[in-house]
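# Structural characterization, general
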Amino acid sequence: MASFNPTLRHQVIAVYKELLFLGREYPLGYEYYRTRLRKAFASQKDVTDEAQIKKGIERAQFVKKEIEALYYLKRYRALRQRYDKI
Amino acid sequence: MSGLRILVPVKRVIDYAVKPRVNRAQTAVETANVKHSMNPFDELSIEEAIRLRERKVPVQEIVAFSAGPTKSQDILRTAMAMGADRSIHVVVEDKDPQLEPLGVAKLLKKVVEEQKSDLVILGKQSIDDDASQTGQMLAGLLGWPQATQASKVEIADKTVTVVKEVDGGVETVKADLPMVITTDLRLNEPRYASLPNIMKAKKKPMEKKTLKDYGLDEQPRLKTVKVTEPPPRKGGVKVDSVDSMISKLKELGAL
């Protein structure tokens, strides 16, 4: 597999792993999450332009933040419902 | 001022998203093969300790502490991945007599004295026992001021200002260090322990201790008589007119 830029390649793999790790707690289940994540990454496999790849990594980072926020909100709401109802 | 030494006790509890099941003997909640995680209120306290440091309040050290079975180490790793510097684990296996809030408070007192902590940030309650006693008892045992249900914490020099959530509003209290703070839900937004940080946290030191190291041998004082699930919700009734609604309400004694 000819890699164009090893640092970018590394970054892509790292962000994929981080996203996979996040998926362990996904409300709809890990399998649901994993297949979709895989598809999303696979759909971009033909991208060769460096700027495009960088954009893709940024998007992945954004999604990561969104998922973290989703988990936080889900827990916050659950706790608020349990403990804050007056 | 040489910098704060913060102690953050955390508890491993059944995950908030899991519906707890009572065991067949009705003595406790089933904990085997159930997903566990850090008590959400304790996450808030870890986060607050880290944020104090990020706000340039001189923080010398953040120590996470947990008492529980071996698996509590995972929780401590999460705490260290979030930003605690090191951790102490007191092993209390599931088969041993379980600690009660008073026992935990006594244990924490010893830890505070050993670690020379001057600020203890606890979750206001754990989501499994919901006792909401440990922080208060610890403050009592230490003779320190306490601020419970904190929604904002500010430290200037040696004075701590805490905004507390109370019924129908907020209350602002001010006290000098050392101090005990318990956290409420709106204090902050805990960060997510990311994979690289969890890997890095594996290198942070974790001390393993037993109750005997602290000269404690807690026998339970409380006796659990019975644990039952709440009664299932009864279905509602549909009414077809205002009159029937009124008669129904009268029947139920609401009018």
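Residues numbered from 1 in each chain as written. Chains lettered and ligands numbered in written order. Predicted model: local features only at pLDDT ≥ 70, side-chain atom pairs only at ≥ 80, totals over all residues. Heavy atoms only, no water.

### With respect to the overall build of chain B
- Secondary structure assignment for chain B yields six helices and eleven strands.
- In terms of its C-alpha atoms, chain B occupies a principal-axis envelope of roughly 75 × 45 × 40 Å.
- Burial analysis of chain B (255 residues in total) assigns 45% to the buried set.
- Across chain B, the fraction of contacts at a sequence separation of at least 24, relative to all contacts at a separation of at least 6, is 71%.
- As displayed, chain B has an accessible area near 13,900 Å², and 51% of this comes from carbon and sulfur atoms.
- Looking at chain B, you have 41 positive and 36 negative side-chain charges, and the mean spots of the two groups are 3 Å apart. (Helix = DSSP H or I, 4+ residues; strand = E, 2+ residues; numbered from the N terminus. Buried < 20%, exposed > 50% of the residue type's maximum accessible area, 1.4 Å probe, protein only. Contact = heavy atoms within 4.5 Å. Areas by Shrake-Rupley, 256 points an atom, 1.4 Å probe, with all protein chains shown as cover. Lys, Arg positive; Asp, Glu negative; His and termini not counted. Charge placed at Lys NZ, Arg CZ, Asp CG, Glu CD.)

### Some details on the environment of B:I198
- Along the chain, B:I198 falls in helix α5 (residues 195-201).
- Spatially, the C-alpha atoms of B:I198 and B:M80 are 7.6 Å apart, while their sequence positions differ by 118 residues.
- Excluding residues that lie within four positions of it along the chain, B:I198 makes contacts with A:F21, B:A81 and B:A193.

### A few points about the interface of chain B and chain A
- Taken together, the contact pairs 21 residues of chain B with 17 residues of chain A.
- The contact between chain B and chain A buries some 1,800 Å² in all, and 61% of this surface belongs to carbon and sulfur atoms.
- Counting the surface chain B buries against chain A, the share from its top three residues, B:Y16, B:L185 and B:Y192, is 42%.
- The tally of links between chain B and chain A comes to one salt bridge.
- A:R75 is paired through a salt bridge with B:E43; the nearest N and O atoms lie 2.8 Å apart.
- Our enumeration of links across chain B and chain A arrives at six residue pairs in polar contact (both at pLDDT 80 or more).
- At the level of secondary structure, the elements contributing two or more residues to the side of chain B that touches chain A comprise α1 (40-54) and α5 of chain B.
- Split by residue class, the side of chain B that touches chain A holds twelve nonpolar, four polar and five charged. (Buried area = accessible area lost by both parts, 1.4 Å probe. Salt bridge = Lys/Arg side-chain N within 4 Å of Asp/Glu carboxyl O. Polar contact = N/O pair within 3.5 Å; in protein donor to acceptor, adjacent residues only side chain to side chain. Nonpolar A, V, L, I, M, F, W, Y, C, P; charged D, E, K, R; others polar.)

### A look at the UniProt feature "domain: Electron transfer flavoprotein alpha/beta-subunit N-terminal" (unreviewed entry) in chain B
- Mapped onto the present numbering, the UniProt feature "domain: Electron transfer flavoprotein alpha/beta-subunit N-terminal" (unreviewed entry) falls on residues 26-218 of chain B.
- Across residues 26-218 of chain B one finds 30% helix and 32% strand; the C-alpha atoms that close the span lie 23 Å apart. (UniProt positions renumbered as here; feature names shortened; annotations may be inferred.)

### Describing the pattern of salt bridges
Residues and elements named next belong to chain B.
- Scanning the model with the defined rule gives 21 salt bridges over all chains in all.
- A salt bridge links R186 to E165, with the shortest nitrogen-to-oxygen separation between them at 3.0 Å. Taken together, the residues R186 in the loop between β10 (179-183) and α5 and E165 in strand β8 (residues 159-166) connect sequence positions 21 residues apart.
- Among the residues examined, R186 registers a relative accessible area of 36% and is labelled partly exposed.
- The exposure class assigned to E165 is buried, which follows from its relative accessible area of 18%.

### Looking at the packing of aromatic side chains
Residue and element names in this part refer to chain A.
- On inspection of all chains with the given rule, the structure shows six aromatic pairs over all chains.
- Judged by centre distance (6.2 Å) and plane angle (10°), the ring pair of Y26 and Y32 falls under stacked.
- Here a set of aromatic residues connected by ring pairs shows up, and it is made of Y26, Y32 and Y33.
- Against the face of Y32 rests R36, its NZ or CZ located 3.8 Å from the ring centre. (Phe/Tyr/Trp six-rings, centres within 6.5 Å; stacked < 30°, edge-to-face > 60°. Lys NZ or Arg CZ within 6 Å of the ring centre and 35° of its normal.)

### Points about a nonpolar patch on the surface
All names here are of chain B.
- A surface patch of nonpolar side chains, about 500 Å² in accessible area, is lined by V239, V242, M245, I246, L249 and L255.
- Among the secondary structure elements, L249 is positioned in helix α6 (residues 242-251).
- Residue class for L249 comes out partly exposed when judged on its relative accessible area of 30%. (Patch = residues over 30% accessible without salt bridge, like charges linked within 9 Å, V, L, I, M, F, W, Y side chains within 5 Å.)

### Some remarks on helix α1 (residues 6-22) of chain A
- In this model α1(A) runs 24 Å from its N-terminal to its C-terminal C-alpha over 17 residues, within 8% of the 24 Å that 1.5 Å per residue would give.
- When we look at burial in α1(A), the residues that qualify are A:L8, A:V15, A:Y16, A:E18, A:L19, A:L20, A:F21 and A:L22.
- On its buried face, α1(A) sits against α2 (30-42) and α3 (50-83) of chain A together with α5 of chain B. (Expected span 1.5 Å × (residues − 1).)

### Focus: the environment of B:G103
Residue and element names in this part refer to chain B.
- Within the secondary structure, G103 is located in helix α3 (residues 101-115).
- The buried category is assigned to G103, whose relative accessible area is 2%.
- With 117 residues separating them along the chain, G103 and P220 place their C-alpha atoms 8.2 Å apart.

### Focus on the sheet that holds β10(B)
Residues and elements named next belong to chain B.
- Judged by pairing direction, the sheet is mixed, and its nine strands sit side by side in the order β9-β8-β7-β10-β6-β1-β4-β5-β11 without closing on themselves. Among the strands making up the open sheet, the edge pair consists of β9 (169-176) and β11 (206-210). Here the average twist between neighbouring strands, direction ignored, is 30°.
- Here eight bridges tie β8 to β9, and the two strands are oriented antiparallel to one another. Each residue of the ladder has a partner; that of V160, found in β9, is A175.
- Across the sheet, helix α2 (residues 72-82) lies against β4 (59-68), β5 (86-91) and β11, angled at about 165° from β5, the strand it touches most. (Pairing = 2+ DSSP bridges. Axes fitted to C-alpha atoms, helices over the stretch in contact; angles between N-to-C directions.)

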